[in-house]
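A structural walkthrough
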Amino acid sequence: MQDVKEFREQMQPAILEGKHDFATVSDKIGDITLKRKTPFHWFVGFAIAFLITQVLLMTITYLVLTGVGIWGNNQPVGWAFDIINFVWWIGIGHAGTLISAILLLLNQKWRTSINRFAEAMTLFAVACAGLFPLLHTGRPWLAYWLLPYPNTMGMWPQFRSPLMWDVFAVSTYATVSLLFWYVGLIPDFATLRDRAKSKVFKIIYGVLSWGWRGSARHWHRYEIAYLLLAGLSTPLVLSVHSIVSFDFSVSQLPGWHATIFPPYFVAGAIFAGFAMVLILSIPLRHWYNLKDFVTMTHLDYMGKIMLATGLIVCYGYAMEAFFGWYSAAQYEYFMIRNRIWEGPYWWSYWLLILCNGISIQLLWFKRFRQSEFWLFTISVIVSIGMWLERFVIIVTSLHRDFLPSSWAMYSPTIFDWSMFIGTIGFFFALFYLFVRFVPIISIFEVRTLLPEAHVHGHHQDFEEIVNEVEIEKIDKP
Amino acid sequence: MSYKAPEELKNFQRIALGVGGIGTLALLIGGLISPEMREQALRSWLLGFVFWGGISIGSLGILLLQYLTGGAWGVIIRRIVEASSRTLTLVAVMFIPILLGASTIYEWTHPEKADETLKRILDHRAPYLNLPAWIARAVIYFGLWFLMVYLLNKWSKQMDETGDWKLLKKASQFSGPAMVFFVLLVSFASIDWVMTLDPHFYSTIWGFLFAAGWGLASYAFTIAVLAWLSTREPMNQVIGRRHFHDLGKLLLAFVMVWAYFNFSQFLIIWSGNLPEETFWYLERMEGGWGIIGVILIVFHFAFPFVVLLSRDVKRNARWLASIAIFIIVMRFVDLYYIIGPSPRVTLHGAKLSFSESISWMDFVGPLAVGGLWLWYFFGELQKRPLVPVNDPFLESAIEHGKSH
């Protein structure tokens, strides 16, 4: 019979590999930013991403000079790539928030080595997402009209519209995510400040770390702030994408008006987000030799989360199809038939099922979850699938209006594509800069995973640490 | 240590059986008076069945969930949810009256009496919504749930006897795919048994509403039982404040998920304002039903939500159990709110007003089913040690509860 210890390890594998102590952790992560020569592939990657960003800038320039007519949107497909891409990007961000906030509150230790770059991913994805509705207004310099402020025009936003809720949801999301990310970075910036050799970097990281000295009082305040921010971020994981789903579901359009939408959208967001975290983490751990911190266990867990959320998404497809028929409502039933096999976009539906439904079934098997190649491939397929999902929901529901005389086909123009691909370039350009100038893994949090950090002989959660510091404060005033 | 259940459970069993027996008898007699009363008696039985059967089925879901996630909380509550899941045998027996009386309570079983609109809808749905198919599906639901309950309980017992830890791995691996089927079965069972009471209504989130509702009820029930056990030998040696803290956190999450699903359904239907769906809420926003709706918002969500935010409440077994029992009562109110206003077969699909539809049977029904259910549950709970004695994580799970 197996040794009980061995069995426990098998059931709960280690999330930190190799031999490390406080110093080697700081070295290994901090040196990427401070000491090591910037690798050649960084320049190549950044150059490509930066070039694609220029495509975005050119598209935006032409768009602003000409108007949204350069896009393929028409009647009745009044929403197309703009909102597809908006929802796609904003969904991707959700994994970062889930990892940083919910997994923290659930006391999941494995999050510590992936939360930093996942949160950065969130911020950059939200930045890309925000561009689309902003530019779809046609006059982005008047976008502040979306906000309720007293003005002489007698204008007031329509608070019953979920598009209005989006303005608040997304801006809150961006703000809280930024704060959470930055607060998490302060102790690490201080570490970089102390280790930097060049004066310029010393000053820059010094300013960024706000005079952090790591005193007990600093840590006490810090941990309370971090826990509060985690609490604030947690509802955002659900609320933001629920509100995005309301953009569609509170309408009366068949294919949009479904009560399953909020949870199904949230699951889809986390699904797409974890696919992107995997797409980023697999190359990162190779290029920067971080396999001790981002272990196969991490990848395995992420694969499992992808499988679980992907199955919820598939449940959504199943329920939509079943109730499309069950409803016995003329338009509902037409819509679902049209979407699945009778309409001209049937191929997009089946491609979607292939990407989001079939491909993830491989993740049931440990063999695939333990293979970087397969995880990466499936993640790319899922990213495409989640984009297709929004295409299917938006375009196939709109292109068959209630009256056949209003029917039309939709096809994207070159500017739809250049704008979308441009944001991908922009996203990666930002990510390359992040990798170069900011510690990509939380140094101080990984230190807490080390055995020497466990003076109490068991893993502590944040709440406990806060409590203890409080008790110490009372004991020794 | 033997981890044997306290002897007092035998007394509980006797009381429960008495209540269940008398209640069932009362329903039987009441049901003989008139066709209207027969329909009412069966509806009340259905209410009890959906409520208590939901705890059996929900407990199976939690059993699967804790095998999937791992963690101390799962080890500590495993024997309670296992016992609840084994009551499925009784629940299947208690389904027989509903099976036999389906045409007494489900309007869709009489398409020949339907008006033109409903006739068209029922004709369209006929391949799914016909009595033989409905019965066949019920057999499938129970069959697959039985299989899951049987296997998980068998492995758990084997682990007690042989100490073979590999069975834990087996159970965990089984729980993944089982969970997928479980959620699908819950969805379609709740559609078949509850949603079709109103033959017009449909909502795509219905399955999730019941997965969350049944999960919440069984989880709250488990906490209440655990809190009681923790005041007696042997579980007072096992359970610590930290366990209740963890359980309380998940209870809060369940409450929020329930509210989130319900709010989603309400907002989407209210905003869409389409006649084929919105009638469902319009009926439930009028008069007495409207008051129950407000009660649900305040006491099924807001109150437990605020109370469970407190760390002290979560760590105190007595307080946590009180709020858990309160939630169980609100689960009954919620199911009453869903089932109560639905149309009556004896009135050819017409609905009763709030005051007319209140019946003593709606209280006796859940008591009758509940008495029998609890009698069976306490019996099952005594059959095995109260913790999985050979679980390799038992020691660390107990240790976890003792930390602060």
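Residues numbered from 1 in each chain as written. Chains lettered and ligands numbered in written order. Predicted model: local features only at pLDDT ≥ 70, side-chain atom pairs only at ≥ 80, totals over all residues. Heavy atoms only, no water.

For the rest of this paragraph, the subject is the overall build of chain B. Of regular secondary structure, chain B possesses 17 helices and 0 strands. For 404 residues, the compact-globule formula gives about 22 Å, and the C-alpha radius of gyration of chain B, at 21 Å, lands near that figure. Evaluated residue by residue, chain B yields a buried proportion of 62% over its 404 residues. Carbon together with sulfur atoms contributes 69% to the accessible area of chain B, which is approximately 15300 Å² in total. (Helix = DSSP H or I, 4+ residues; strand = E, 2+ residues; numbered from the N terminus. Rg over C-alpha atoms; globule rule 2.2 N^0.38 Å. Buried < 20%, exposed > 50% of the residue type's maximum accessible area, 1.4 Å probe, protein only. Areas by Shrake-Rupley, 256 points an atom, 1.4 Å probe, with all protein chains shown as cover.)

Scored by pLDDT, chain B comes out at a mean of 92, with 100% of its residues at no less than 70. Interface confidence for the predicted complex, expressed as ipTM, amounts to 0.92; the pTM equals 0.92. (pLDDT = per-residue confidence, 0-100.)

Quick look at the interface of chain A and chain B now. Between chain A and chain B, the contact holds 47 residues from the first and 54 residues from the second. The interface formed by chain A and chain B includes 0 salt bridges. Linking chain A with chain B are 12 residue pairs in polar contact (both at pLDDT 80 or more), by the criterion used here. Broken down by secondary-structure element, the contributors of at least two residues to the side of chain A that touches chain B are α1 (4-11), α8 (216-249), α9 (261-287), α10 (296-326), α11 (330-342) and α17 (462-475) of chain A. Broken down by element, the side of chain A that touches chain B gets its largest block of residues, 9 residues, from α10 of chain A. Looking at the side of chain A that touches chain B residue by residue, the classes come out as 26 nonpolar, 13 polar and 8 charged. (Contact = heavy atoms within 4.5 Å. Salt bridge = Lys/Arg side-chain N within 4 Å of Asp/Glu carboxyl O. Polar contact = N/O pair within 3.5 Å; in protein donor to acceptor, adjacent residues only side chain to side chain. Nonpolar A, V, L, I, M, F, W, Y, C, P; charged D, E, K, R; others polar.)

Counted according to the given criterion, the structure contains 22 salt bridges over all chains. Taking the shortest distance from any N to any O, the salt bridge between R337 of chain A and E342 of chain A comes out at 3.3 Å. For the salt bridge of R137 of chain B with D192 of chain B, the shortest nitrogen-to-oxygen distance reads 2.6 Å. In this pair, R137 of chain B sits in helix α7 (residues 131-162) while D192 of chain B sits in helix α8 (residues 166-193), placing the two residues 55 residues apart along the sequence. Accessibility expressed as a relative area gives 13% for R137 of chain B, which makes it buried. What you see here is one network of salt bridges that share partners, running through R79, E82, D160 and R384 of chain B.

Tracing the backbone through its elements, the reader meets S359 of chain A in the loop between α12 (346-358) and α13 (366-369). With residues up to four places along the chain from it excluded, the contact list for S359 of chain A reads L354, I378, I381 and V382 of chain A.

Moving on: a positive patch on the surface. All names here are of chain A. A cluster of basic residues, K35, K197, K199 and K202, forms a positive patch at the surface. With respect to the helices and strands, K202 occurs in helix α7 (residues 199-208). Look at K202 and you get partly exposed, because its relative accessible area is 36%. (Patch = residues over 30% accessible without salt bridge, like charges linked within 9 Å, V, L, I, M, F, W, Y side chains within 5 Å. Lys, Arg positive; Asp, Glu negative; His and termini not counted. Charge placed at Lys NZ, Arg CZ, Asp CG, Glu CD.)

Before going further, it helps to spend a moment on the nonpolar core. Formed by 278 residues in total, the largest nonpolar core has its most connected members in W89 of chain A together with W145 and W193 of chain B. Those residues within four positions of W89 of chain A in sequence are excluded, and the remaining contacts are A125, C128, A129, F132, M276, F420, T423, I424 and F427 of chain A. Counting residues in each nonpolar core, the second largest holds 12 residues, with L104, F180, I186 and Y226 of chain A among its members. (Core = buried A, V, L, I, M, F, W, Y, C linked by side-chain atoms within 4.5 Å.)

Before going further, it helps to spend a moment on the packing of aromatic side chains. Counted under the stated rule, the structure contains 104 aromatic pairs over all chains. Ring centres of F427 of chain A and F428 of chain A lie 5.2 Å apart, and the angle between their planes is 90°; this geometry places the pair in the edge-to-face category. Relative accessible area serves as the criterion here: at 24%, F428 of chain A is assigned to the partly exposed category. Seen in terms of ring centroids, F142 of chain B and W193 of chain B are 5.7 Å apart; in terms of plane orientation they differ by 25°. Their pairing is stacked. A residue pair is termed long-range when its members are at least 10 positions apart, and F142 of chain B in helix α7 and W193 of chain B in helix α8 qualify at 51 residues. Of the two residues, F142 of chain B and W193 of chain B, both sit in the buried class. Between R337 of chain A and the ring centre of Y333 of chain A, over which it is positioned, the NZ or CZ distance is 4.6 Å. Its end group placed over the ring of F437 of chain A, R436 of chain A keeps NZ or CZ at 5.2 Å from the ring centre. (Phe/Tyr/Trp six-rings, centres within 6.5 Å; stacked < 30°, edge-to-face > 60°. Lys NZ or Arg CZ within 6 Å of the ring centre and 35° of its normal.)

So, on to empty space enclosed by the protein. Scanning the entire structure with this criterion turns up 8 cavities of 30 Å³ or more. Here the largest cavity defines a volume of roughly 150 Å³. Along its surface, the largest cavity is lined by 17 residues, and H257, A258, F323 and E332 of chain A together with T204 of chain B are the ones closest to its centre. Elements supplying a minimum of two residues to the lining of the largest cavity: α10 and α11 of chain A. Counting residues per element, the lining of the largest cavity draws most heavily on α11 of chain A, at 4 residues. Considering only residue class, the lining of the largest cavity consists of 7 nonpolar, 6 polar and 4 charged. (1 Å grid on protein atoms, 1.4 Å probe; cavity = no way out; pocket = protein on both sides within 12 Å on 5 of 7 lines; lining within 4 Å. Points joined across faces, edges and corners; volume = space filled by probe spheres on them.)

Residues and elements named next belong to chain A. With respect to the helices and strands, the residue M296 is situated in helix α10. The spacing of M296 and T112 is 184 residues in sequence and 15 Å in space, taken between C-alpha atoms. In this view, M296 contacts R285, R369, Q370, S371 and E372; residues no more than four positions away in its chain are not counted.

Take the environment of T122 of chain A next. All names here are of chain A. Its location among the elements puts T122 in helix α5 (residues 115-136). Classification of T122 as buried rests on a relative accessible area of 1%. C-alpha separation for the pair T122 and G255, spaced 133 residues apart in sequence, amounts to 28 Å. Excluding its chain neighbours within four sequence positions, the residues that come into contact with T122 are G93, G96, T97, Y173 and S177. Among the polar contacts made by the side chain of T122, one reaches the main-chain carbonyl oxygen of G93 at a distance of 2.7 Å.

On to the confidence of the model for chain A, then. Taken residue by residue, chain A gives an average pLDDT of 87. The fraction at 70 or more is 94%. The low-confidence segment residues 471-477 of chain A (pLDDT under 50) makes 1 contact with residues lying over four places distant or belonging to another chain.

With that settled, the discussion passes to unusual backbone geometry. Each neighbour pair has its own omega, and for Q75 of chain A with P76 of chain A the value is 10°, a cis peptide bond. One can find P76 of chain A in the loop between α3 (40-66) and α4 (81-105). With an omega of -5°, the peptide bond between E233 of chain B and P234 of chain B qualifies as cis. Mapped onto the elements, P234 of chain B comes out in the loop between α9 (206-229) and α10 (241-272). Positive phi, close to 55°, is recorded for N273 of chain B, a residue that is not glycine. By the secondary structure assignment, N273 of chain B is in the loop between α10 and α11 (275-284). Classification of N273 of chain B by relative accessible area gives partly exposed; the value is 49%.

Residues and elements named next belong to chain A. With 13 residues, α11 should reach 18 Å at 1.5 Å per residue; the first-to-last C-alpha distance of 15 Å falls well below that figure. Of all the residues in α11, the buried ones are E332, M335, I336, N338, R339 and I340. Close packing links the buried residues of α11 with α10, α12 and α14 (372-399). (Expected span 1.5 Å × (residues − 1).)

The subject of this paragraph is α7 of chain B. Between its first and last C-alpha atoms α7 of chain B spans 46 Å; for 32 residues at 1.5 Å apiece the expected length is 46 Å, and the two agree. Backbone nitrogen of A133 of chain B and a side-chain oxygen of the N-cap are separated by 2.9 Å at the start of α7 of chain B; the cap is N130 of chain B.

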